[in-house]
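# Tertiary structure, described
Residues per chain, in single letters:
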Amino acid sequence: MKLQPLYDLQQEINRLFIAGSKFAEGDLRLQKQIPVFYRLGEKAPVFTGLAKGLEALINADTQQSAEMLTSVSTLLYSILYTQGEPLEADLEIREQTPLIELKNVNTACSYRQLSPVIRALSTTRPGRLEILKRAKENGVFKDSRTFQYLDFALADRYGELADYVEQVIIPSVGKPMLPFLRRNFKYVDGTEHVRRLRLLDTFGSEEVPAMIEHILSESLPALQAEAVHILAKVPSNKELIAKLAGDRNKMVREAACDALAKMKTINN
C-alpha cells in the first residue's frame, strides 16, 4: 500500500533540507500535513508519531530545528521503506547508518549562503579560496551539509585551497568530519589520502594504528612517509622508524631520517 501524504511530506522535508531547517518554524505547508497524519494515526499509531514530530519541528527554535528535522525525516523514510516496493527483485537490503549523529546535525544556513560555498568546494572556477575564507568567517562550515564537500576538496588540484581546507576549515569543524574522512580514505598513494590519514590522526581516530600497519605492508611511499611522521610521535616507535630509514624508497628514507633527527633533538 502506498499513501500519497507520505510522498507529499517527503517533498516538503527535502525542501527544508535544501533551504535550511530554520525555515521550518511556523511553516504553513507542514501545518497542513499535521491533521492528515493525526487522522491516519487512528488506524496506525506510527502516523501519530509523525504528526507529533511535525508539531515539534514547526515549534522548534533555530538551534533545535536541525535535530527535529532529522528526527522527522528518519521516521518518514522508515515508514516509506515499509510502504514501498523494491525496484529489483533480488535487491540486497543493507542497514543504513547515518554519517552524522543527530547532535552534530546543523542545517541553519540558507541555500543562498550554501550554494556559492558548495560550488567553491566542488568546481574549478577562480576566486574560490576567497569565498571559502569569507564563509569561514561567517560560520557557514558549522552547517553539516558542507562536510562531504570539505572532504571532496582535499583532492582539489589547487594546492593552496586544499591546504586551507585541511589546515584551517576541517580542524574548525572537528570530529564530526571523521565519518567522511574514514569513508573516503583509500589505500592509494595520492595526496588526498595522505591528507585524510593526517587528519584522522589529528582527530585521534582509533583506526589509525591498523591503517598504518596496512600501509607499511604495501608499496605506498607517500602514505608510508606520512605514517612515519605519525609513528614518530611515540618514542617507543624509534626502532621501527630506524628500520624504515633503510627503505628502498627515497621518500620513506628521508621521512624516517627526519623523524629520527627530531626524536633525538627532543630526547636531548
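Just so it is clear, the structure is predicted and the values come from calculations on it, not from any experiment.

This next bit is on the packing of aromatic side chains. Considering all chains together, one arrives at three aromatic pairs under this definition. A ring pair is formed by F147 and F180, whose centres lie 6.1 Å apart and whose planes are at 80°; its orientation type is edge-to-face. Note that F147 is positioned in helix 7 (residues 147-152) and F180 in helix 9 (residues 178-184), a separation of 33 residues in sequence. Across the pair, exposure class does not vary: F147 and F180 are buried alike. Lying across the ring of Y164, K133 places its NZ or CZ 5.8 Å from the centre.

This next bit is on the pattern of salt bridges. In a structure, side chains of opposite charge can pair up when their charged atoms sit close to one another. Applying the stated criterion across every chain yields a total of 15 salt bridges. The partner of R15 in a salt bridge is E12, and the shortest N-O contact between them spans 2.8 Å. Here E12 and R15 lie together in helix 1 (residues 4-19), a separation of three residues that amounts to about one turn. A relative accessible area of 21% places R15 in the partly exposed class. Judged by its relative accessible area of 13%, E12 is buried. Among the ionic contacts, a cluster of salt bridges with common partners joins D163, E166, R195, R198 and E226.

Quick look at the nonpolar core now. Of all hydrophobic cores here, the largest spans 51 residues; its most connected members are L132, F141, L150, V165 and M177. The element that contributes the greatest number of residues to this core is helix 12 (residues 221-231), accounting for seven residues. F141 has contacts with V117, L121, L132, A135, K136, T146, F147, L150, I169 and V173, leaving out every residue within four places of it along the chain. Core analysis: the second largest hydrophobic core is formed by 20 residues, L9, F37, L54 and I58 among them.

With that out of the way, let us pick up the packing of helix 5 (residues 111-122) against helix 6 (residues 128-137). Working note: a packed helix pair is described by the angle between its axes plus the distance between those axes. Where helix 5 contacts helix 6, the two axes come as close as 9 Å, and the packing angle between them is 135°. The orientation of helix 5 with respect to helix 6, classified from their angle, is oblique. Pair helix 5 / helix 6 crosses with left-handed handedness. Listed contacts from helix 6 to P116, V117, R119, A120 and L121 of helix 5 are R128, I131, L132 and A135.

With that settled, the discussion passes to helix 11 (residues 208-216). Those residues of helix 11 that sit buried are V208, M211, I212 and I215. Looking straight down helix 11, one finds its buried side chains confined to an arc of 100°; they lie on one side. When the buried face of helix 11 is taken as reference, the exposed residues oriented beyond 90 degrees from it are P209, A210 and E213. The secondary structure elements touched by the buried residues of helix 11 are helix 10 (191-202) and helix 12.

Within the secondary structure layout, D156 lies in the loop between helix 7 and helix 8 (159-173). Here the side chain of D156 touches R128 through a polar contact of 2.7 Å, side chain to side chain. A polar contact is formed between the side chain of D156 and the backbone nitrogen of Y158, at a distance of 2.8 Å. Residue contacts for D156: discarding those within four places in its chain leaves T123, R128, L161 and A162.

On to the side chain of R128, then. Tracing the chain through its elements places R128 in helix 6. A distance of 2.7 Å separates a polar side-chain atom of R128 from the backbone oxygen of T123. Among all residues touching R128, those that are not within four sequence positions of it are R119, A120, T123, D156, Y158 and L161.

Cut-offs used in this document
Residues numbered from 1 in each chain as written. Predicted model: local features only at pLDDT ≥ 70, side-chain atom pairs only at ≥ 80, totals over all residues. Heavy atoms only, no water. Phe/Tyr/Trp six-rings, centres within 6.5 Å; stacked < 30°, edge-to-face > 60°. Helix = DSSP H or I, 4+ residues; strand = E, 2+ residues; numbered from the N terminus. Buried < 20%, exposed > 50% of the residue type's maximum accessible area, 1.4 Å probe, protein only. Lys NZ or Arg CZ within 6 Å of the ring centre and 35° of its normal. Salt bridge = Lys/Arg side-chain N within 4 Å of Asp/Glu carboxyl O. Core = buried A, V, L, I, M, F, W, Y, C linked by side-chain atoms within 4.5 Å. Contact = heavy atoms within 4.5 Å. Axes fitted to C-alpha atoms, helices over the stretch in contact; angles between N-to-C directions. Parallel < 35°, antiparallel > 145°, perpendicular 65-115°, else oblique. Left-handed = near helix turned anticlockwise from the far one by under 90°. Arc of directions from axis to C-beta. Polar contact = N/O pair within 3.5 Å; in protein donor to acceptor, adjacent residues only side chain to side chain.

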